[in-house]
Amino acid sequence: MLNYLASALPTETSPAARLIALQCALRMNDSAQVRLPLGVLRSLRLEPATDSWRDLHQARWLCATLPASHSNARAVVIQLLDVGLFAQCPARPDRLAAADWALRAACGIRMGCAPFSQLIAMCIKAHTAPESTHGTAEVDQLARECGLAATDFTDALDQLTAAGHISSWSVQSASGDLYWTLTEPGGRGCEGTTRR
């Protein structure tokens, strides 16, 4: 889904809008409708995120009814307008499990509450095999999935490493492949150094 959204959303789409789009795409029903609980937005530290909603609306990717600030509403009601989503998604139970995983992966990042940090960490974890702390992928692909230039992406990796979310990373210049080691749960990671 991250790869599909990288091509479906305009390149200038913000990381916060991409996090919202991912949750919407994974939670949609058979009519491309979503009731996104406000608790999800609070967990991602994206409430009210009016700029992000406006970006997605202007891209004609969705139409959302945002609750008024004085409202007792508990969810945002959304109609997704991207019919290509139907060809991308697995069965709804699998999508809902993926939405929950993506939420937990993004919420694990507490570094200044920056949406780009959450998106990058989630993207890196999505490209890491289960039960592993090591991964590899093409750096340009990962940067595109996060809506960043490759240099901005690697700068953000430095920040995630400094904050202890990534143990180490390097880019092989010949292939453009990014190699990383995630910090092990409860520790500072296997290697504890940053490499480029």
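Residues numbered from 1 in each chain as written. Predicted model: local features only at pLDDT ≥ 70, side-chain atom pairs only at ≥ 80, totals over all residues. Heavy atoms only, no water.

A. Highlighting helix α9 (residues 150-162). When the terminal C-alpha atoms of α9 are compared, their 19 Å separation across 13 residues agrees well with the 18 Å that a helix rising 1.5 Å per residue should span. Buried residues of α9: Phe-153, Thr-154, Ala-156, Leu-157, Leu-160 and Thr-161, and no others. Taken down its axis, α9 places every buried residue within 155° of arc, on the same side. Residues Thr-151 and Ala-162 are exposed on α9 and point more than 90 degrees away from its buried face. Phi turns positive one or two residues past the end of α9, at Gly-164, with a value near 90°. (Helix = DSSP H or I, 4+ residues; strand = E, 2+ residues; numbered from the N terminus. Expected span 1.5 Å × (residues − 1). Buried < 20%, exposed > 50% of the residue type's maximum accessible area, 1.4 Å probe, protein only. Arc of directions from axis to C-beta.)

B. A look at unusual backbone geometry. For Ala-32, which is not glycine, the phi torsion reads 60° and is therefore positive. If you check the backbone angles, Glu-131 has positive phi at about 65° while not being a glycine. One can find Glu-131 in the loop between α7 (115-126) and β4 (134-138). Overall, Glu-131 belongs to the exposed group, its relative accessible area being 85%.

C. Focus on the nonpolar core. In this structure, Cys-24, Trp-53, Trp-61, Leu-80 and Phe-153 are the most contacted members of the largest nonpolar core, which totals 58 residues. Not counting the four nearest positions on each side in its chain, Cys-24 is found in contact with Val-34, Leu-36, Trp-53, Trp-61, Leu-62, Ile-78 and Leu-80. (Core = buried A, V, L, I, M, F, W, Y, C linked by side-chain atoms within 4.5 Å. Contact = heavy atoms within 4.5 Å.)

D. Expanded view of the state of the cysteines. If you walk through the whole model with that rule in mind, you get 0 disulfides. Looking at the unpaired Cys-146, the closest cysteine sulfur is the one in Cys-123, lying at 4.0 Å. Under the relative-accessibility criterion, Cys-146 is labelled buried at 1%. (Disulfide = S-S within 2.5 Å.)

E. Looking closely at the sheet that holds strand β2 (residues 62-65). Taken together, the 3 strands give an open sheet; going across it, the order is β1-β3-β2, and neighbouring strands pair in antiparallel fashion. The sheet terminates laterally at β1 (33-37) and β2, the two strands that pair on one side only. Neighbouring strand axes in the sheet, compared pairwise and without regard to direction, differ in orientation by 25° on average. Note that β2 and strand β3 (residues 75-80) share 4 bridges and pair antiparallel. Opposite Leu-62, over in β3, you have Leu-80 as the bridge partner. Across the sheet, helix α2 (residues 15-27) touches β1, β2 and β3, and the angle it forms with β1 is around 125°. Along the sheet face, helix α4 (residues 50-58) touches β1, β2 and β3 and points at about 140° away from the line of β2. (Pairing = 2+ DSSP bridges. Axes fitted to C-alpha atoms, helices over the stretch in contact; angles between N-to-C directions.)

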